[in-house]
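Residues per chain, in single letters:
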Amino acid sequence: MTAMQPSRVIILVQNVQTRAWIMILAEALRARFSQRVDIVRLEGSDNEVNLFPSEKLELRVFGEPSCGHTAWIPTDKFPTTASLSGADLLVIDLTEGASGDLPLLQNVPAVLPVFHGSPCMRGLLAPLLACQPPHLGIVAVTGGERRVLYGVELALPDPDVFLRVLATVLARTITLLCGAVDNLITGKKLPEPISSLSAELDRGVKRNPARDVVRRWLPKVTGRLVGSLARTEDWCIGYRKAMPASEPPALNLDRETFTVIEPYPDRFYADPILFEHSGKTSLFFEDYDYRTGIARISHVSIANDGQHDEPCEVLSRPYHLSYPFILSYRGSVFMLPETSNNRTIELYVAKNYPHDWRLASVLMSDIEASDATLYYDEGRRRWWMFASVTEFGSSSYDTLSIFYADNLEGPWHPHGMNPVKIDPLSSRPAGPLVLSGGRLFRPAQDCTRSYGSALVWCEITELTTDVFREAVIARKAPSRGYSGMHTYSRAGDFEVIDLKRFRWRRMRKAMPTGHGRLLSVPQRMVGRSGQL
């Protein structure tokens, strides 16, 4: 499609009230494009406030989502459509179908969001009440012709509270609308939309009556509140001798074949990364402390006979650390831990491996990136970084962005398609990439139903600075008694995974020493639930 050059971008909203997310959208567009961006209200329509059936109750119980996207704001200070003239406009239609046959839209290109087949946000109710991930589309309409620019499925970290769901969806809508405008103005390449979106647009979505909301939503919220008081998610890690040479997607990851490393009840261990250095195998992992609410990076050594020593803290910061990606580069060992809470991507170098680490460089700032994973392409002599990047308060469960650089220290450049993928099934990184038999495999998390519910293997088929393609080729669910698995790593003669399960809150008691010692639990002593 030929790129267009509009002089103005118009955000068209309803006449009386709209939600506050449009202000963030306008700021994001102004920061990215040179065109003038204006918010204009639809003249002559007195729209009713389109509340979710449970909105007032949720505001009383949970309050307004912290990002502020769902708050209602008046539109009377915005100019009306009567003030618009000229054909060199690009309209973002956020009237939820109220624009109808507006003459303006017959003559200028427009883009609009589609919420699970409906222009109305209430279209989200149907999938949520059915416990299904919602679909979000961005559609371009030009001269009566409709083209799907984006079609994605979304992960929802807090699916039982409609307002929080809406806030997450609106945050992702900002990213996609910016990408859609970029596509129309500059020709930016976009990921292929999901195939089911076109059918949804044709058939629409049946709205659920308010009684269904009460019947199905109240039990979910009640169970959520009671369940959170009684039990919580917990992670542990398990390692084993590496299975005979085979491509990772074919591996059997049954828990019974792993030795589980059990944390004390006041902690959990996750995001394990193995690394071999000077003939010795080290295991680095997130060591989360329930009392402080943040994690540090800890380490154990694994001997050739499979025995491990006690844990040792190797890196801590005033903010949360996790996912300690380890690599060797130019004779030194580096660590790239997740530092998303600090809005940075930080690179550390070992001064006395594996115990002493110093900050070497801040690769990127003002970015909320989770599970940053590096891969060096020997043939092209280029570094690639895969990460789940959060924008505008969106979820990190369903998105993948890529960056590239000629040198590890940077400068790092964003991929031309970022975000290259939005899909809760296979976006968020889950460990180092594996090159096997000339094929490049990327482990990813399945967050469709919940965070880190399973491990997914993708094969990367095309990777350039402006094109990315991969295919899902295998999914590995956790063993019975566990509810998740979201990291895989191998090094030397060993491989490691992490496992999610539930623990009763009464078990969480601080150990006298604060950290305690790492328990090496023989497999015969660990039940199917992973607890002693």
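Now for a look at the structure at hand.

Rules used in this analysis
- Residues numbered from 1 in each chain as written.
- Predicted model: local features only at pLDDT ≥ 70, side-chain atom pairs only at ≥ 80, totals over all residues.
- Heavy atoms only, no water.
- Helix = DSSP H or I, 4+ residues; strand = E, 2+ residues; numbered from the N terminus.
- Buried < 20%, exposed > 50% of the residue type's maximum accessible area, 1.4 Å probe, protein only.
- Contact = heavy atoms within 4.5 Å.
- Areas by Shrake-Rupley, 256 points an atom, 1.4 Å probe, with all protein chains shown as cover.
- Core = buried A, V, L, I, M, F, W, Y, C linked by side-chain atoms within 4.5 Å.
- Polar contact = N/O pair within 3.5 Å; in protein donor to acceptor, adjacent residues only side chain to side chain.
- Salt bridge = Lys/Arg side-chain N within 4 Å of Asp/Glu carboxyl O.
- Phe/Tyr/Trp six-rings, centres within 6.5 Å; stacked < 30°, edge-to-face > 60°.
- Expected span 1.5 Å × (residues − 1).
- Pairing = 2+ DSSP bridges.

1. What about the overall build of the chain?
A count of helices and strands for the chain gives seven helices and 30 strands. Taking all 532 residues of the chain together, 58% fall into the buried category. Relative to all contacts within the chain whose residues are 6 or more apart in sequence, the contacts with residues 24 or more apart total 62%. In the structure as shown, the chain presents an accessible area of about 22400 Å², 49% of it carried by carbon and sulfur atoms.

2. Details of the nonpolar core
Note on soluble globular proteins: their nonpolar side chains tend to be buried together. Counting 50 residues, the largest nonpolar core has Ile11, Trp21, Leu25, Leu29 and Ile92 as its most contacted members. Broken down by element, this core gets its largest block of residues, 13 residues, from helix 5 (residues 162–186). If we ignore the near neighbours within four places in the chain, the residues touching Ile11 are Ile22, Leu25, Ala26, Leu29, Val37, Asp38, Ile39, Val40, Ile92 and Leu94. Residues Phe334, Val349, Ala387 and Val389 belong to the second largest nonpolar core, which totals 23 residues.

3. What about the side chain of His69?
Mapped onto the elements of the fold, His69 is located in the loop between helix 2 (55–61) and strand 4 (72–74). We classify His69 as buried; its relative accessible area is 3%. One polar contact links the side chain of His69 to the main-chain carbonyl oxygen of Phe392, over a distance of 2.6 Å.

4. With respect to the environment of Ile402
Within the secondary structure, Ile402 is located in strand 21 (residues 399–405). Accessibility expressed as a relative area gives 0% for Ile402, which makes it buried. C-alpha of Ile402 to C-alpha of Leu463: the two residues are 61 residues apart in sequence and 9.8 Å apart in space. Those residues in contact with Ile402 that lie beyond four places of it in its chain are Trp384, Met385, Phe386, His413, Pro414, His415, Asn418, Val420, Leu463 and Phe468.

5. Quick notes on the pattern of salt bridges
What the rule picks out here adds up to 27 salt bridges. Residue Arg267 pairs with Asp289 through a salt bridge whose shortest N-O separation is 3.5 Å. A residue pair is termed long-range when its members are at least 10 positions apart, and Arg267 in strand 11 (residues 267–277) and Asp289 in strand 12 (residues 280–289) qualify at 22 residues. Each of the two residues, Arg267 as well as Asp289, counts as buried. Across the pair Arg296 and Glu313 runs a salt bridge whose closest N-O atoms are separated by 2.7 Å. Taken together, the residues span a long stretch of sequence, with Arg296 in strand 13 (residues 294–302) and Glu313 in strand 14 (residues 312–315) at a distance of 17 residues. On the accessibility criterion, Glu313 (33% relative accessible area) is partly exposed. Within the structure, one salt-bridge network assembled from shared partners comprises Asp266, Arg267, Asp287, Asp289, Arg291, Arg296 and Glu313.

6. So, the packing of aromatic side chains
The tally for this structure, following the rule as stated, stands at 18 aromatic pairs. Plain terms: the ring middles of Phe268 and Tyr288 are 4.7 Å apart, the flat faces sit at 10° to each other, and that makes the pair stacked. Of this pair, Phe268 sits in strand 11 while Tyr288 sits in strand 12, and the two are 20 residues apart along the sequence. Across the pair, exposure class does not vary: Phe268 and Tyr288 are buried alike. Between Trp384 and Tyr404, the aromatic rings sit 5.9 Å apart at their centres with planes inclined by 55°, giving tilted as the arrangement. Highlighted residues: Trp384 in strand 20 (residues 382–390) and Tyr404 in strand 21, separated in sequence by 20 residues. Assigned by exposure class, Trp384 and Tyr404 land together as buried. Within the aromatic cluster, the residues linked to one another by ring pairs are Phe275, Phe284, Tyr353 and Trp357.

7. Considerations on helix 1 (residues 21–32)
An α-helical turn contains 3.6 residues, so a residue and the one three or four places further along point in the same direction. Between its first and last C-alpha atoms helix 1 spans 17 Å; for twelve residues at 1.5 Å apiece the expected length is 16 Å, and the two agree. Looking at the buried residues of helix 1, the elements they touch are strand 1 (8–13), strand 2 (17–19), strand 3 (36–41), strand 4, strand 5 (89–93) and helix 5.

8. Focus on the pairing of strand 26 (residues 454–463)
Most of strand 26 is tucked away, with eight of its ten residues classed as buried. As defined by bridge partners, strand 25 (residues 439–446) adjoins strand 26 across seven bridges and the pair is classed as antiparallel. Across the sheet, residue Gln445 finds its bridge partner in strand 26, namely Leu455. As paired strands, strand 26 and strand 27 (residues 468–476) are joined by eight bridges and run antiparallel to one another. The residue bridging Glu462 from the neighbouring strand is Arg469, located in strand 27.

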